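The chain contents come next:
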Amino acid sequence: MMADWLEEFQEYLVSQKGLSANTVRSYLKDVEHYMQYLWDCSIAQPEQATSQIIRDYIAYLEEKGRSESTVTRNIASIRCYYQYLCQREGSSSNPAQEVKREKAERKLPNILTGEELDLLLSQPNVTEAKGCRDRAMMELLYATGIRVSELTALNIEDLDIEEGILTCKGSKHHRRIPVYPTAIKAVSDYLVRFRGILAKEKEAEGQALFVNLNGKRISRQGFWKIIKAYAVRANITKEITPHTLRHSFALHLLENGAQLRDIQIMMGHADISSTQLYVQILDQFYQESYHLYHPKAKKNR
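Here goes a summary of the coordinates provided. Since the model is a prediction, treat every value here as computed from it, not as a measurement. (Residues numbered from 1 in each chain as written. Predicted model: local features only at pLDDT ≥ 70, side-chain atom pairs only at ≥ 80, totals over all residues. Heavy atoms only, no water.)

1. Some remarks on the overall build of the chain
If you tally the helices and strands in the chain, you get 14 helices and three strands. Within the chain, the proportion of its 301 residues that are buried is 48%. In the chain, the proportion of contacts linking residues at least 24 apart, taken out of those at least 6 apart, comes to 60%. Carbon and sulfur atoms form 49% of the exposed surface of the chain, whose accessible area is close to 15,900 Å². (Helix = DSSP H or I, 4+ residues; strand = E, 2+ residues; numbered from the N terminus. Buried < 20%, exposed > 50% of the residue type's maximum accessible area, 1.4 Å probe, protein only. Contact = heavy atoms within 4.5 Å. Areas by Shrake-Rupley, 256 points an atom, 1.4 Å probe, with all protein chains shown as cover.)

2. Brief notes about the layout of surface pockets
Looking at the second largest pocket, its volume works out to about 240 Å³. Around the second largest pocket, the lining is made up of 15 residues, and of these His 33, Tyr 57, Tyr 60, Leu 61 and Arg 66 lie nearest the centre. Of all the elements in the fold, those that place two or more residues in the lining of the second largest pocket are α2 (21–40), α3 (51–63) and α4 (68–89). The element that contributes the greatest number of residues to the lining of the second largest pocket is α2, accounting for six residues. Grouping the constituent residues of the lining of the second largest pocket by class yields four nonpolar, four polar and seven charged. (1 Å grid on protein atoms, 1.4 Å probe; cavity = no way out; pocket = protein on both sides within 12 Å on 5 of 7 lines; lining within 4 Å. Points joined across faces, edges and corners; volume = space filled by probe spheres on them. Nonpolar A, V, L, I, M, F, W, Y, C, P; charged D, E, K, R; others polar.)

3. Some thoughts on the nonpolar core
Buried together is how nonpolar side chains tend to be arranged in soluble globular proteins. Leu 120, Leu 151 and Phe 210 are the most contacted members of the largest nonpolar core, which has 58 residues in total. Ranked by residue count, the leading element in this core is helix α6 (residues 129–144), at nine residues. Look past the residues within four positions of Leu 120 in its chain and what remains in contact with it is Leu 112, Met 138, Ile 227, Tyr 230, Ala 231, Ala 234, Ile 236 and Leu 245. (Core = buried A, V, L, I, M, F, W, Y, C linked by side-chain atoms within 4.5 Å.)

4. Things to note about empty space enclosed by the protein
Counted under the stated rule, the structure contains four cavities of 30 Å³ or more. By volume, the largest cavity is sized at about 130 Å³. When contributions to the lining of the largest cavity are tallied by element, the ones reaching two or more residues are α3, α7 (148–152), α9 (220–233) and α10 (242–255). Among the residues forming the lining of the largest cavity, the class breakdown is six nonpolar, three polar and three charged. Looking at the second largest cavity, the residues that line it are Gln 52, Asp 56, Pro 109, Asn 110, Glu 239, Thr 241, His 243, Thr 244 and His 247. Going through the elements one at a time, α3 and α10 are the ones with two or more residues in the lining of the second largest cavity. With three residues, α10 is the largest single contributor of residues to the lining of the second largest cavity.

5. Some remarks on unusual backbone geometry
Phi is positive for Ser 42, which is not a glycine, with a value near 65°. Note on placement: Ser 42 falls in the loop between α2 and α3. Owing to a relative accessible area of 30%, Ser 42 belongs among the partly exposed residues under this scheme.

6. Some remarks on the packing of aromatic side chains
The tally for this structure, following the rule as stated, stands at 13 aromatic pairs. A ring pair is formed by Phe 9 and Tyr 81, whose centres lie 5.0 Å apart and whose planes are at 80°; its orientation type is edge-to-face. With a gap of 72 residues between them, Phe 9 in helix α1 (residues 4–15) and Tyr 81 in helix α4 connect regions that are remote in the sequence. The exposure classification of Phe 9 matches that of Tyr 81, with both residues buried. Within the aromatic cluster, the residues linked to one another by ring pairs are Phe 9, Tyr 12, Tyr 34, Tyr 37, Tyr 57, Tyr 60, Tyr 81, Tyr 82 and Tyr 84. (Phe/Tyr/Trp six-rings, centres within 6.5 Å; stacked < 30°, edge-to-face > 60°.)

7. Regarding the environment of Ile 265
Mapping Ile 265 onto the fold places it in helix α11 (residues 260–267). With 90 residues separating them along the chain, Ile 265 and Arg 175 place their C-alpha atoms 7.4 Å apart.

8. A short note on α4
Over its 22 residues, α4 extends 32 Å from the first C-alpha to the last, a length consistent with the 32 Å expected when each residue adds 1.5 Å. Among the residues making up α4, those that are buried are Val 71, Asn 74, Ile 75, Ser 77, Ile 78, Cys 80, Tyr 81, Tyr 82, Tyr 84, Leu 85 and Cys 86. Remark: Gly 90 follows α4 within two positions and exhibits a positive phi of approximately 65°. (Expected span 1.5 Å × (residues − 1).)

9. Regarding the side chain of Asn 74
Within the secondary structure, Asn 74 sits in helix α4. A distance of 2.9 Å separates a polar side-chain atom of Asn 74 from the backbone oxygen of Thr 70. Other than its neighbours up to four places away in sequence, Asn 74 contacts Asp 30, Tyr 57 and Leu 61. (Polar contact = N/O pair within 3.5 Å; in protein donor to acceptor, adjacent residues only side chain to side chain.)

10. Digging into the pairing of strand β2 (residues 165–169)
Among the five residues of β2, four are classified as buried, and the element is accordingly described as predominantly covered. For strand β1 (residues 159–160) and β2, the ladder comprises two bridges, and the chain directions are antiparallel. Bridge pairing in β2 links Asp 160 to Ile 165. In the sheet, β2 pairs with strand β3 (residues 174–178) via five bridges, with the strands oriented antiparallel. In the strand pairing of β3, Ile 165 is matched with Pro 178. (Pairing = 2+ DSSP bridges.)

Written as structure tokens, this is what we have:
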């Protein structure tokens, strides 16, 4: 049975927007997927989402290889849904209003500095099971740039501790990604010291690499809450999501001389245009540094 909110939105699309049956079905499907994304991000109500969260969702669709027309339709669906909410609740606050498809107007994502990353990674108490696991997850995410859904889907066998290689298994192909020694040590410590304590012998997903305190495979939603809590504890004022570590991974590689094509392969981008976003971010950083530190530029500000 369709949820009440979905039935009401469907009525709005038909009676007030006059959309065709096919368009209505597409809009409903788009919004359902968007709502699931919000739930995975620990956002219980769509009114709590910000424009940046919606942009992150659009970026997520692009990284999944969705076509331009599909992404454009999703933006229209989400914008229409927030118009419906505003009308229903008598509100003028619409976080989707400023979200557009044009690449040039796309807001660049937040990137952590090296100092911020060190501060974030230092928050977990690694002498305890939860803290040791959390540190291992964050280290591995930053070390490889994989998606949070890929992180939570990992099995023990996917990480070769001896070789320092992670195999990320996608629906179409697998990616083999190098893992730096500090991350390998963090995961190894977790496996040796605490995973056996957290996991249950008869757990159906007994090979899950990262498990929660009940011995079950950790969820995307669970990890989202974890990283948010550590960001608050570290007094990092930027809006931090698991995707922030993925973005930081890519930019830091590019900044230190990695080839764009190599970054694309490691991140699993279907199109190089998704990876080129980080060139734009890096260009912005260089411009900001120029205006901040060049003596002539400083005088003219």
